[in-house]
Amino acid sequence: MNTNEYNYIQKQDEEVFAAITNEAARQANGIEMIPSENYVSRAVLEANGSILTNKYSEGYPGKRYYGGQEFTDVVETLAIERAKELFNCEYANVQPLSGAPANVAMYFALMEPGDTVLGMDLSHGGHLTHGHPTTEINKVFNFVRYKMKDIETGEIDYDELRAVALEHKPKIILAGFSAYPRELDYKKFVEIAKEVGAYTVADMAHIAGLIAGKALRNPFDDGFDVITTTTHKTLRGPRGGMILTREDADLAKRINKAVFPGLQGGPHMNLIAGKAVAFGEALTPAFREYAKQVLINAKAMEKVFKDAEVRLITGGTDNHLLLADVHTSFGISGKEAEEVLDEVGITLNKNMIADDPRTPLDPSGIRFGTPALTTRGMKEGEASRIAEIMIETMRNKDDENKKGGLRTELEALCNSFPIPECFM
Ligand SMILES: *Cc1c(COP(=O)(O)O)cnc(C)c1O
């Protein structure tokens, strides 16, 4: 890290400076495999850290509640126009502060309290914001579930999905996940939604960058009504959220109203500038190459795990992430795997597997992915080697010598693939 860029913090606040410097070293010296994380460009960081943070801009471009919006309107309009181009749609709201608030705004825009959402079962890959019992939104709306038909292939049970839809008459059928390694058949969702008069919403928080980079299907191309997303995962932008609508102007209006004034106050214009810059990057051919390589790297890891007969949930991956049942394959829990891999310099997370017999705090699986290491420029050779190192580490979890050797090897790999500062 170029610490000169933080020289005002250094002069003024040693404690925060030390924490940032240490975190920068942590990011540089380890292999980041949490599939929702990535590295942004310096250009995105500059936008995030810009003087746009000083400005109140409640409202939307051309319709604000405060004066002095000449330049904020330019910034937000750029973010909107680029988002529309990236995802091939007519309306974009770039103000949601993150993925969770984007989903809450979407629910209120499309439903009345008490209405029903049909979403992916949480233990089969759905997200907390899809109505987990501990969330507040679960008190407002009614959530019912579909699941995988077969955990070994990952195929969704579309017959069950249709049966539950016919029985519960949901207002929204929600497609999207944070721990599901396969593609969805979006056309089937649209067919069933038409039959019961529901909106189709895709929460593509994890895979937005892969869709923008044309490596995965765009749910809009199969007729989805709405997409919600984060901007900081595979899309490689600042932390934030976004809601996209294909062609329904009335729906787009309701979404805008739900975001502001329905739920949020002033937009964070510095982050919206970061979104505009990141979307500009995502529109380049280099980003398409990136998205493609994320999938190639995940496939390379899949092969190593399969050859070693490790149990992968759904049998493999079509996207950027993998879920391994380490309890069955290595006789250790997901928590133990997370800890021992951290010792050699690999960061990932323990994860429940479908129908997990163990507890959320000590589940059977681990979840990991390739977006961040691909941003560093690693290709399938490096991805395969990292998968081998993961297996060796889990098989030799008490062998300090062995782990020391693997840690040294991974540090050398990180030195050869520094975190890039610029993608254009
Ligand atoms: C990450 C994620 C979210 C929430 O995003 P935050 O920015 O953490 O609020 C919502 N939905 C899905 C599917 C996600 O993966």
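Once a new chain begins, its residue numbering starts again from 1 and follows that chain's sequence as written. Under the rules for a predicted model, residues below a pLDDT of 70 receive no local features and side-chain atom pairs below 80 are neither given nor counted, while totals for whole chains, interfaces and linings still include all residues. The side-chain figures draw on all heavy atoms in the structure; neither hydrogens nor water molecules are used.

A. Examining the overall build of the chain more closely. By the criteria applied, helices consist of DSSP H or I runs no shorter than four residues and strands consist of E runs no shorter than two, each listed in order from the N terminus. Secondary structure assignment for the chain yields 17 helices and 14 strands. Oriented by its inertia axes, the alpha-carbon framework of the chain measures out at about 65 × 60 × 40 Å. Out of the 424 residues in the chain, the part that is buried amounts to 55%. Taking the intrachain contacts of the chain between residues at least 6 apart in sequence as the baseline, contacts between residues at least 24 apart amount to 73%. Accessible surface area values rest on a Shrake-Rupley calculation with a 1.4 Å probe, where residue burial reflects the displayed protein chains alone. Approximately 18,100 Å² of the chain is accessible, and the part contributed by carbon and sulfur atoms is 51%. Within this scheme the basic residues Lys and Arg register as positive and the acidic residues Asp and Glu register as negative, but His and the chain ends are omitted. Note that the charge is assigned to NZ on lysines, CZ on arginines, CG on aspartates and CD on glutamates. Within the chain, the 62 negative side-chain charges are centred at a point lying 3 Å from the centre of the 47 positive side-chain charges. Here the term buried applies to any residue with accessible area under 20% of the maximum for its type, exposed to any over 50%, and partly exposed to those in between, with areas from a 1.4 Å probe on protein chains only. By definition, residues are in contact when any of their heavy atoms lie within 4.5 Å.

B. Main features of the site of the ligand. Any residue with at least one heavy atom within 4 Å of a molecule or strand is counted as near it. In the neighbourhood of the ligand, 14 residues make up the surrounding shell, with S98, G99, A100, D203 and K233 lying closest. Within 3.5 Å is the distance limit for a polar contact, defined as a pair of N or O atoms, with the added protein rule that one can donate a hydrogen and the other accept it, and that residues adjacent in sequence qualify only through two side-chain atoms. Between the ligand and the protein, one listed contact pairs an oxygen atom with a side-chain N or O atom of S98 at 2.5 Å. At 3.5 Å from an oxygen atom of the ligand is found a side-chain nitrogen or oxygen belonging to H232. A total of 380 Å² of accessible area belongs to the ligand in isolation, and the protein chains cover 86% of it. All amino acids are sorted into three groups, where Ala, Val, Leu, Ile, Met, Phe, Trp, Tyr, Cys and Pro are nonpolar, Asp, Glu, Lys and Arg are charged, and the leftover types, Gly among them, are polar. Looking at the shell around the ligand residue by residue, the classes come out as 3 nonpolar, 9 polar and 2 charged.

C. View of the packing of helix α12 (residues 285-307) against helix α16 (residues 380-395). Here an angle of 0 to 180 degrees is reported between the N-to-C directions of two axes, which are lines fitted to C-alpha atoms, with helices fitted over the stretch in contact. Viewed as axis vectors pointing N to C, α12 and α16 meet at an angle of 40 degrees, and their least axial separation amounts to 8 Å. The hand of the α12/α16 crossing is right-handed. Mapping the contact onto sequence places Q293, I296, N297, A300, M301, V304 and F305 in α12 and E380, A383, S384, I386, A387, E388, M390 and I391 in α16. Of the residues that constitute the contact of α12 with α16, the class distribution is 10 nonpolar, 3 polar and 2 charged. Put simply, a crossing is left-handed when the front helix is turned counterclockwise from the back one by less than a right angle, and right-handed when it is turned clockwise.

D. Structural detail: the sheet that holds strand β4 (residues 91-93). Only strands that DSSP links by at least two bridges are regarded as paired with each other. Judged by pairing direction, the sheet is mixed, and its 7 strands sit side by side in the order β4-β10-β9-β8-β7-β5-β6 without closing on themselves. The sheet is open, and its two edges are formed by β4 and β6 (142-146), each paired on a single side. Averaged over all neighbouring strand pairs, the angle between strand axes comes to 20 degrees, with direction disregarded. Where strand β5 (residues 116-120) meets β6, 5 bridges bridge the pair, whose relative direction is parallel. Considered in β6, the bridge of T116 is made with N142.

E. Focus on the environment of A291. You can see A291 is positioned in helix α12. A291 sits in the buried class, given a relative accessible area of 0%. For the pair A291 and T234, spaced 57 residues apart in sequence, the C-alpha to C-alpha distance is 8.2 Å. Setting aside residues no more than four positions away along its own chain, A291 makes contact with G209, L210, G213 and A215.

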